[in-house]
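An overview of the molecular structure
What follows is the residue order along each chain.
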Amino acid sequence: MSTFFFLMWALCLVVALFLQIAANFANDYSDGMRGVDASRADDAQAASDAGTLGQHDHDIHLAPSSASQSASGPSRLVASGTDPMRVLMASIVSAVLACDAGLAIVMLTRQWWLIAVGVLCLLAGWFYVGGKHPYGYRGLGGAAVFVFFGLVATLGTEYVLVSRITAMGVCGAVSAGASACVVLGVNNMRDLRSDAAAGKRTLTVILGRRAASALMLGELLVSMVALCAAVMILKSPLGICGALLAFSIAVVCVNDVWNCGAPDVSDDELASVVDFRAMFHHAIGFSVALTIGYALCLTAF
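What you see is a predicted model, and the numbers here were worked out from it, not measured in a lab.

1. Things to note about empty space enclosed by the protein
All told, the structure shown has one cavity of 30 Å³ or more when counted by the stated rule. If you add up the space inside the largest cavity, you get close to 40 Å³. Lining the largest cavity, in full, are Val182, Val186, Leu220, Cys253, Asp256, Val257, Met279, His282 and Ala283. Only helix H7 (167-190), helix H11 (237-260) and helix H13 (276-297) provide two or more residues apiece to the lining of the largest cavity. Residues that form the lining of the largest cavity fall into these classes: seven nonpolar, one polar and one charged.

Now the structure itself:
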């Protein structure tokens, strides 16, 4: 492979990385300014108190910080007292770095239409929870994640690298989008109670815990089916090894999701039954295993 290929690959990686960072900072800023994260902070404090009580009353050695993070995730910047303008500036700087890399790709490939794609990505990242009518508050976050983290990111990268879109690329895009939706679903399941209290109607809030759990199971299945399709298309023996690795982690994720949808657990009891931090790590591990599977499939070329 040529130096030009690896340069394009590195620039695509920079675009994806800094767009993700920019979106995370923007989400933190917007949610913090709306006060959505305030209720999460209250939940975290309640979980911390519960962990401390458990230590004294039942001699259970659960660190309060672990309890609070499992219940409501890592502390948010704005909600924890960070200057909102600093968070917003971090988002802008990250977006600028992504744009710089994106413009370099456009100039080197002469594919000017990619500018429009980049603008759409920036708008999608900001209006996810920003602006007067954020679509993430209307249950459309999952659809946006599938489109931009799956289809646009994967197929856009493939087109920049090889100037075409292949069946392998489509399978990878579907897997990436579906697995990203699983990660988003874990976060939304963790924040179910606080999001509902704050009026943030994520798809998990709209569907309810059990239906949302079923949706995540479906997304896991779609990711695996797409990887298996890629293995069959390319007839890659090593791809089978990658698929088996992804399947083994998918089984762990299925168990996590199954616990989330357990009918004998109420929404209020969910945080004490499910370790969301471990569940998040399993979902990320599944995404990594999918990546390894597709990389092994590429040995067929």
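Okay, back to it.
2. Some points on the nonpolar core
In this structure, Met189, Leu227, Ala246, Phe276, Met279, Phe286 and Tyr294 are the most contacted members of the largest nonpolar core, which totals 31 residues. Core analysis: the next-biggest nonpolar cluster, separate from the first, contains 11 residues, Tyr135, Tyr137, Ala144 and Leu184 among them.

3. Focus: the confidence of the model for the chain
Taken over all residues, the pLDDT of the chain has a mean of 83, while the share at 70 or more is 83%. Element-level mean pLDDT values for the chain span from 48 in helix H3 (residues 64-72) up to 95 in helix H4 (residues 84-109).

4. Some words on a nonpolar patch on the surface
A cluster of nonpolar side chains, contributed by Leu103, Met107, Trp112, Ile115, Val119, Leu120, Leu123 and Phe127, occupies part of the molecular surface with about 770 Å² of accessible area. Elements with a minimum of two residues in the nonpolar patch: H4 and helix H5 (114-127). Considering every element that reaches the nonpolar patch, the biggest residue donor is H5, with five residues. Structurally, Val119 can be placed in helix H5.

5. Let's talk about the environment of Ala262
With respect to the helices, strands and loops of the structure, Ala262 is situated in the loop between H11 and helix H12 (270-273). Through-space distance from the C-alpha of Ala262 to that of Arg210 is 7.4 Å; in sequence the pair is 52 residues apart.

6. Let's talk about the packing of aromatic side chains
A ring pair, where both rings are aromatic, is described by two values, the distance of the centres and the angle of the planes. For the structure shown, the criterion picks out four aromatic pairs. With centroids separated by 5.7 Å and ring planes inclined at 85°, the aromatic side chains of Phe5 and Phe6 adopt a geometry described as edge-to-face.

7. Things to note about the packing of helix H10 (residues 209-234) against H13
Contact geometry of H10 with H13 gives a least axis separation of 9 Å together with a crossing angle of 15°. If you check the angle between H10 and H13, you find them roughly parallel. The chirality of how H10 crosses H13 is left-handed. Between H10 and H13, the contacting residues are Met216, Leu220, Ser223, Met224, Ala226, Leu227, Ala230, Val231 and Leu234 on the first element and Met279, Phe286, Leu290, Gly293, Tyr294 and Cys297 on the second. Split by residue class, the contact of H10 with H13 holds 13 nonpolar, two polar and no charged.

8. Considerations on the pattern of salt bridges
Scanning all chains against the criterion turns up two salt bridges. In this structure, the salt-bridge partner of Lys200 is Asp31, at a minimum N-O distance of 3.1 Å. With Lys200 in the loop between helix H8 (192-198) and helix H9 (203-207) and Asp31 in helix H1 (residues 3-34), this residue pair connects regions lying 169 residues apart in the sequence. Classification of Lys200 as buried rests on a relative accessible area of 7%. With a relative accessible area of 5%, Asp31 lands in the buried category.

Rules used throughout
- Residues numbered from 1 in each chain as written.
- Predicted model: local features only at pLDDT ≥ 70, side-chain atom pairs only at ≥ 80, totals over all residues.
- Heavy atoms only, no water.
- 1 Å grid on protein atoms, 1.4 Å probe; cavity = no way out; pocket = protein on both sides within 12 Å on 5 of 7 lines; lining within 4 Å.
- Points joined across faces, edges and corners; volume = space filled by probe spheres on them.
- Helix = DSSP H or I, 4+ residues; strand = E, 2+ residues; numbered from the N terminus.
- Nonpolar A, V, L, I, M, F, W, Y, C, P; charged D, E, K, R; others polar.
- Core = buried A, V, L, I, M, F, W, Y, C linked by side-chain atoms within 4.5 Å.
- Buried < 20%, exposed > 50% of the residue type's maximum accessible area, 1.4 Å probe, protein only.
- pLDDT = per-residue confidence, 0-100.
- Patch = residues over 30% accessible without salt bridge, like charges linked within 9 Å, V, L, I, M, F, W, Y side chains within 5 Å.
- Areas by Shrake-Rupley, 256 points an atom, 1.4 Å probe, with all protein chains shown as cover.
- Salt bridge = Lys/Arg side-chain N within 4 Å of Asp/Glu carboxyl O.
- Phe/Tyr/Trp six-rings, centres within 6.5 Å; stacked < 30°, edge-to-face > 60°.
- Axes fitted to C-alpha atoms, helices over the stretch in contact; angles between N-to-C directions.
- Parallel < 35°, antiparallel > 145°, perpendicular 65-115°, else oblique.
- Left-handed = near helix turned anticlockwise from the far one by under 90°.
- Contact = heavy atoms within 4.5 Å.

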